[in-house]
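Take a look at the letters that make up each chain.
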Amino acid sequence: MAKKRTNIIRYKKTKTMNIGIAIFSVIFLYLTIMVIRYITTPKIKMYEVLEGDIASTSYYTGVILRSETLVSSNSAGYVNYYLREREKAAVGDLIYTVDENGSMTEYLNHSSGNESRLSEENLKELKALLSDFSTSYSDNRFFEVYDAGTTLSSTLMKDMNVNALKKLSEQEQAGVSISFQKCTADSSGIVFYSSDGMEGLVPSQLSADTFSRDGYEKTSYTGGMLVSAGSPVYRLITEDTWSVAIPLSEEDLAIYGNRSSLSVRFTEKNLEANADFSIVRGADGASYGLLTLHQYMIQFAGERFVEVELKTSQARGLKLPKTSLTSQDAYVIPMEYLTTGGNSLSEGFYKEVYGEDGSVSTEFVEADILRITDNAKEEKERRKAEGIDETEQESQEPVPEFCYVSTSSFSQGDMIILPDSNDRFRVAEQESLTGVYNVNRGYASFRYVNVIDQNEEYCIAEKNVYYSIRTYDHIALHGSNLTEGELLR
């Protein structure tokens, strides 16, 4: 059977672009580029300006001088103590006993195991000491653990010895006799059972060797030890006033030469105080600083060497990270040329404009002012310091003032005109200003700052300066990463 013929002709399908896919691809590509750019572009970190201060500090190893004496035993024998260390003794208080044959020491040692020797009052005293220590304890002041241990040990020793002495008095009435000598305080003061050979040191005896710890030794006196006649048995601090001597360099003398008081911080105890300050001459002819205090003596009564930190100056103002600082060049223009004009009260200058036909005209140029000087104020303070009275100051020539204008406002060599005058000034001189980038409006705007003090991380800028920053402004944390007018990302 013959095949049917058909008139249908097949055509190849033409490929057409789907406009929706094309638009989607473009959008996807754009978003991909923007995401990559966002990830790879450094972010601008901001810093909120707040008031603060920084202090310039110096560190020294000082030697403590105090009014103290070593008390020696009048006779030889075994010594036992009846007053707690760091406790104040009044005249006539029993400090220690001495027995020649050790019978008193043997009696005390024999009685030490008797728990009944501690009264309820003694236990309350020990509990109070432990409670005070646990309440005030801090890991930052771990060294106080040793002081607390010494205080508890001496308190326990005192209580047990005093109780034993009372019991012995009762036994003596019953016929039991032990030969010993009671030794009382001849003057009042704080009792310590240690010495280092530097008691009685006075400022005129200071030398460089005084501040060396090499060969320094501290001797402790304990109950039951055998002493000879004339041997020291305890140390008595008689006054609350004490001093810390520090070595001074030539630079230190220049800094502290006119100071009568200083703020001192004892680094090991994290304690700050104000001290009277004076400069003394030592035995070696060198100059030494003397910090005199009238409190906190008891906290340092057991020490000879102490680490101190002195605050030499403290500036307060706007506290800024040093990373935010940058610099920008500015034209220096006399202040009298600054005026207001145009269609607003904006500040600017009248500039000469030259036409193609050679004609000369003036136009008002709104300027980006970065700083204005206050030389009159500074000069007035200088003249006052030199003893020039106000009448003579008025007769002095006026001090010129200047304003610093962004280089984007003018070109080198532009001529500006003094208002209501034919005087002209050629824009040429430039100076570099230190400042930060203000980012309050979403873009970088340079603002001059007057740095008055700084340390390794921060600087202090003067407050209330025209055309500068204010408290709570936002600035770029890293000023070197931006340029004038750059938008924040």
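Quick note: structure is the one above.
Within any chain, residue numbers begin from 1 and follow the written order of that chain's sequence. Only residues with pLDDT of at least 70 are given local features in this predicted model, and only at 80 or more are side-chain atom pairs given and counted; all residues enter the totals for whole chains, interfaces and linings. Only hydrogens and water are set aside; all other atoms, that is, all heavy atoms of the structure, feed into the side-chain values.

Asker: What's the story with the overall build of the chain in this structure? I'm lost.
Answerer: A tally of regular secondary structure across the chain gives seven helices and 28 strands. Out of the 489 residues in the chain, the part that is buried amounts to 37%. Pairs at least 24 residues apart make up 75% of the contacts formed inside the chain by residues separated by at least 6 positions. Computed by Shrake-Rupley with a 1.4 Å probe, the accessible areas treat only the displayed protein chains as cover when residues are assessed. Carbon and sulfur atoms form 50% of the exposed surface of the chain, whose accessible area is close to 29,700 Å². The helix count covers DSSP runs of H or I at least four residues long, the strand count covers runs of E at least two residues long, and both are numbered beginning at the N terminus. Here the term buried applies to any residue with accessible area under 20% of the maximum for its type, exposed to any over 50%, and partly exposed to those in between, with areas from a 1.4 Å probe on protein chains only. Only heavy atoms matter for contacts: two residues are in contact if any of them lie within 4.5 Å across the pair.

Asker: What is the right way to look at the packing of aromatic side chains in this model?
Answerer: Stacked, edge-to-face and tilted labels apply to pairs of Phe, Tyr and Trp rings (six-membered ring for Trp) whose centres lie within 6.5 Å, assigned for plane angles under 30 degrees, over 60, and everything in between, in that order. A complete count under the given rule lists 14 aromatic pairs for this structure. Between Y81 and Y96, the ring centres sit 6.4 Å apart and the planes meet at 55°, which makes this aromatic pair tilted. With Y81 in strand 3 (residues 77–81) and Y96 in strand 5 (residues 94–99), this pair connects stretches of sequence that are 15 residues apart. With a centroid separation of 5.2 Å and 25° between ring planes, the pair formed by W242 and F300 is classed as stacked. Within this pair, whereas W242 is found in strand 11 (residues 232–247), its partner F300 is found in the loop between strand 14 (287–293) and strand 15 (305–321), the two being separated by 58 residues in sequence. Side by side, W242 and F300 carry an identical accessibility label, which is buried.

Asker: Can you help me understand the sheet that holds strand 6 (residues 181–184) in this one?
Answerer: Adjacent strands of a sheet form backbone hydrogen bonds with each other and so pair up, either parallel or antiparallel. One requirement defines pairing of two strands: DSSP has to find at least two bridges between them. The strand order across the open sheet built from four strands is 6-5-3-10, with neighbouring strands paired in antiparallel fashion. Across the chains shown, the open sheet's two edge strands, defined by having one partner strand only, are strand 6 and strand 10 (226–227). Bridge analysis of strand 3 against strand 10 gives two bridges, and the strand direction is antiparallel. Bridged to G77 within strand 10 is V227.

Asker: Teacher, can you tell me more about the side chain of K269 here?
Answerer: Locating K269 in the fold gives a position in the loop between strand 12 (261–266) and strand 13 (271–281). Side-chain polar atoms of K269 contact the side chain of E303, separated by 3.4 Å. For this analysis, a polar contact is any N or O atom pair within 3.5 Å, provided that within protein one partner can donate a hydrogen and the other can accept it, and provided that sequence-adjacent residues contribute only side-chain to side-chain pairs.

Asker: Help me understand the environment of G341 in this model?
Answerer: Counting through the fold element by element, G341 comes out in the loop between strand 17 (339–340) and strand 18 (347–354). Beyond its immediate chain neighbours, meaning those up to four positions away, G341 contacts S346, Y350 and F364.

Asker: I would appreciate a short explanation of the side chain of E486 in the present structure.
Answerer: Along the chain, E486 turns up in the segment after strand 28 (474–476). Within polar-contact distance, the side chain of E486 engages the backbone nitrogen of T483 at 3.1 Å. Once residues lying within four places of it in the same chain are set aside, the contact partners of E486 are G442, Y443, A444 and N481.

Asker: I'm lost on the pattern of salt bridges in this one. Help?
Answerer: Any two side chains of opposite charge can pair, given that their charged atoms come close. Whenever a carboxyl oxygen of Asp or Glu lies within 4 Å of a side-chain nitrogen of Lys or Arg, that contact is scored as a salt bridge. A complete count under the given rule lists 13 salt bridges for this structure. In this structure, E307 engages R213 in a salt bridge whose closest nitrogen and oxygen atoms are separated by 3.2 Å. One end of the pair, E307, is in strand 15; the other, R213, is in the loop between strand 8 (194–195) and strand 9 (219–220), and 94 residues separate them in sequence. Owing to a relative accessible area of 24%, E307 belongs among the partly exposed residues under this scheme. A salt bridge links E363 to K351; its shortest N-O distance comes to 4.0 Å. Linking E363 in strand 19 (residues 360–366) with K351 in strand 18, this pair joins segments that are twelve residues apart in sequence. Through salt bridges with shared partners, a single ionic network connects R66, E68, D196, R235 and R304.

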